[in-house]
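Listed below are the residues making up each chain.
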Amino acid sequence: ALKKNWQQRAKDIGLDGQAIQLMSTQQRTSKSTFDIEKQEITGKDAVRFALEHFTEREAVVDQRDVLAYAITHGVGRIRPEEVFRAYDQMHEAGEIITLSSRDRQITTQAVQSAEHWNVKQVLDGQAVERPILDQQVAEAKLSQVEQAQRFKYSEGQRAAIAASLTSTDRFIGVQGLAGTGKTT
């Protein structure tokens, strides 16, 4: 019954058990100089590897992605049920935190702690600095720079620059798509 449960869980996250077994067999029988037997890992190692991979840039990740990546990382060295067992143990221990069971969104205790620290730093840094320039001087300087460089900033870029120059906050967050001039 437990094996069928694991097989169903693997199917639910989109894993193809036969493909994984084939990949495992191919890796074990390949003539590669990489010796899988010397690279032993546990289910927890595989889950931690996957969590580190996904939480490097995102605080909230999809449980299915983590499990699939952990199982793929362990191909030829551990069985998928070991990954599921390790995941469950880590979840029960509080190392993995479910944020939304419906959407299968998770994070780790370490990431959540870092996020709390970040928020505290931002809140503690509000209204503690003197502005670099007052609003009128900042606007005038922006206009001078635009004339000198012969192009105008977008409205969003102007607002971000003005906020950075006139804010009393220690931290200023600028959000935008890649290539929109956030570092301009």
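See above for the structure.
Numbering of residues starts from 1 in every chain and runs along the sequence as written. With pLDDT at 70 or above as the cut-off, local features in this predicted model cover only qualifying residues; side-chain atom pairs require 80 or more to be listed or tallied, and sums for whole chains, interfaces and linings still use all residues. Only hydrogens and water are set aside when side-chain values are computed; all heavy atoms of the structure are taken into account.

J.: How would you explain the overall build of the protein chain if you had to name every residue and give the values?
T.: Within the protein chain, the regular secondary structure consists of eight helices and three strands. Listing each helix as α and each strand as β along the protein chain from the N terminus yields α-α-α-β-α-α-β-β-α-α-α. For the protein chain, the C-alpha radius of gyration of 25 Å lies well beyond 16 Å, the compact-globule estimate for 184 residues. For the C-alpha atoms alone, the extent of the protein chain along its principal axes is close to 70 × 35 × 30 Å. For the protein chain, the proportion of its 184 residues judged to be buried stands at 26%. Segments assigned H or I by DSSP are reported as helices when at least four residues long, segments assigned E as strands when at least two residues long, and all are numbered from the N terminus. Throughout, radius of gyration means the C-alpha value; the globule benchmark is 2.2 Å times the number of residues raised to the power 0.38. Working definition: with a 1.4 Å probe on protein chains only, accessible area under 20% of the residue-type maximum means buried, over 50% means exposed, and in between means partly exposed.

J.: Quick rundown of the sheet that holds strand β1 (residues 61-62)? Include the residues and the values.
T.: Pairs of strands are assigned from DSSP output, requiring at least two bridges between the strands. Taken together, three strands build an open sheet; the order of strands is β1-β3-β2 and the sheet is antiparallel. Both edges of this open sheet fall to β1 and β2 (96-100), since each of them pairs with a single strand only.

J.: Which residues make up the packing of helix α3 (residues 43-55) against helix α4 (residues 63-73), and what values do they have?
T.: Convention adopted: a line fitted to C-alpha atoms gives each axis, helices being fitted over their contacting stretch, and angles between N-to-C directions are expressed from 0 to 180 degrees. Close contact between α3 and α4 brings their axes to 8 Å; oriented N to C, the two are set at 125 degrees. Comparing their axes, α4 and α3 come out oblique. Here the hand of the crossing between α3 and α4 comes out right-handed. Where α3 abuts α4, its residues Ala 46, Val 47, Phe 49, Ala 50, Leu 51, His 53 and Phe 54 lie against Asp 65, Val 66, Tyr 69, Ala 70 and His 73. Residue composition of the contact of α3 with α4, by class: nine nonpolar, two polar and one charged. With respect to orientation, any angle under 35 degrees is reported as roughly parallel, any angle over 145 as roughly antiparallel, any angle of 65 to 115 as roughly perpendicular, and every other angle as oblique. The crossing is said to be left-handed when, going from far helix to near helix, the turn is anticlockwise and less than a right angle, and right-handed when the turn is clockwise. Residue contacts follow a heavy-atom distance rule, with two residues in contact if any of their heavy atoms lie within 4.5 Å. Only Asp, Glu, Lys and Arg are considered charged in this grouping, and only Ala, Val, Leu, Ile, Met, Phe, Trp, Tyr, Cys and Pro are considered nonpolar; every other residue, Gly among them, is considered polar.

J.: How would you sum up the side chain of Ser 167? Please name residues and give values.
T.: You can see Ser 167 is positioned in the segment after α8 (155-166). Here Ser 167 falls in the buried class, since its relative accessible area comes to 17%. Only 2.9 Å separates the side chain of Ser 167 from the backbone nitrogen of Asp 169, close enough to count as a polar contact. We define a polar contact as two N or O atoms separated by no more than 3.5 Å, with the added condition that, inside protein, one atom must be a possible hydrogen donor and the other a possible acceptor, whereas residues neighbouring each other in sequence contribute only through side-chain atom pairs.

J.: Could you give me a rundown of the environment of Glu 40, with the residues and numbers involved?
T.: Here Glu 40 lies in the loop between α2 (17-29) and α3. For Glu 40 and Ser 24, which are 16 residues apart along the polypeptide, the C-alpha to C-alpha distance reads 14 Å.

J.: Let's hear about helix α7 (residues 135-149): which residues, and what values?
T.: Between the first and last residue of a helix there are one fewer steps than residues, each counted as 1.5 Å, and that sum is the expected span. Look at α7: 21 Å from first C-alpha to last across 15 residues, which is about the 21 Å you get at 1.5 Å a residue. Among the residues of α7, Ala 138, Leu 142 and Glu 146 are the ones counted as buried. What you see down the axis of α7 is that its buried residues fit within an arc of 75 degrees, all on one side. Along α7, exposed side chains directed more than 90 degrees from the buried face belong to Gln 136, Gln 147 and Ala 148. For α7, the secondary structure elements touched by its buried residues are α8. The N-terminus of α7 is capped by Asp 134, whose side-chain oxygen sits 3.2 Å from the backbone nitrogen of Gln 136. By definition, the arc is the one covered by directions from the helix axis to the C-beta atoms.

J.: Tell me about the environment of Ala 70, and name the residues and values.
T.: Among the secondary structure elements, Ala 70 is positioned in helix α4. For Ala 70, a relative accessible area of 0% puts it in the buried group. It is 12 Å that separates the C-alpha atoms of Ala 70 and Ile 20, two residues lying 50 residues apart in sequence. Apart from residues no more than four positions distant in its own chain, Ala 70 is found in contact with Ala 46, Val 47, Ala 50 and Val 83.

J.: Before we move on, can you summarise the packing of aromatic side chains with the specific residues and values?
T.: Aromatic rings considered in pairs are described by the distance between their centres and by the relative angle of their planes. Pairing of aromatic side chains requires ring centres within 6.5 Å, counting the rings of Phe and Tyr and the six-membered ring of Trp. Pairs whose planes differ by under 30 degrees are stacked, by over 60 edge-to-face, and all others tilted. Counting across every chain of the model gives three aromatic pairs. Seen in terms of ring centroids, Phe 54 and Tyr 69 are 5.4 Å apart; in terms of plane orientation they differ by 75 degrees. Their pairing is edge-to-face. Residue Phe 54 is found in helix α3, and its partner Tyr 69 is found in helix α4; the two are separated by 15 residues along the sequence. On the basis of relative accessibility, which here comes to 23%, the residue Phe 54 falls in the partly exposed class. Ring pairing ties together the aromatic residues Phe 49, Phe 54 and Tyr 69, which thus form one cluster.

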